[in-house]
Amino acid sequence: MNSTIKEQILAVRDTGATNMLDTNTVQRVAFDMEFYELVNFIEDDRKAYARFIMTGKTEKE
């Protein structure tokens, strides 16, 4: 996970539009916000996304 994706996750979270564990809706909100990197990241690595949401840690931490 790079810094762009992390910032996009936090931006989606800050909207309050969805439960961040509802990945389908997170992807829809991210797409509407033109955060295509996040949409693809969730599709490619849901485990890393969930780890960050649950613990705040990336795979490097």
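So, here's what we can say about the structure. (Residues numbered from 1 in each chain as written. Predicted model: local features only at pLDDT ≥ 70, side-chain atom pairs only at ≥ 80, totals over all residues. Heavy atoms only, no water.)

### Side note on helix H2 (residues 23–32)
Among the residues of H2, those classed as buried are Thr23, Thr25, Val26, Gln27, Val29 and Ala30. For H2, the secondary structure elements touched by its buried residues are helix H1 (3–15), helix H3 (36–44) and helix H4 (46–55). Positive phi appears at Glu34, one or two residues downstream of H2, with a value of about 65°. (Buried < 20%, exposed > 50% of the residue type's maximum accessible area, 1.4 Å probe, protein only. Helix = DSSP H or I, 4+ residues; strand = E, 2+ residues; numbered from the N terminus. Contact = heavy atoms within 4.5 Å.)

### Some words on the packing of H3 against H4
Where H3 contacts H4, the two axes come as close as 5 Å, and the packing angle between them is 105°. With respect to their mutual orientation, H3 and H4 come out roughly perpendicular. Judged by residue contacts, Phe41, Ile42, Glu43 and Asp44 of H3 engage Arg46, Ala48 and Tyr49 from H4. Grouping the constituent residues of the contact of H3 with H4 by class yields four nonpolar, no polar and three charged. (Axes fitted to C-alpha atoms, helices over the stretch in contact; angles between N-to-C directions. Parallel < 35°, antiparallel > 145°, perpendicular 65-115°, else oblique. Nonpolar A, V, L, I, M, F, W, Y, C, P; charged D, E, K, R; others polar.)

### As for the packing of H1 against H3
Describing two packed helices takes the angle between their axes plus the distance from one axis to the other. Packing of H1 against H3 brings their axes to within 9 Å, and their N-to-C directions diverge by 100°. Classified by the angle their axes make, H1 and H3 are roughly perpendicular. Residue-level inspection shows Thr4, Ile5, Gln8, Ile9 and Val12 of H1 in contact with H3, the latter providing Glu37, Leu38 and Phe41. Each residue belonging to the contact of H1 with H3 can be placed in one class, and the counts come to five nonpolar, two polar and one charged.

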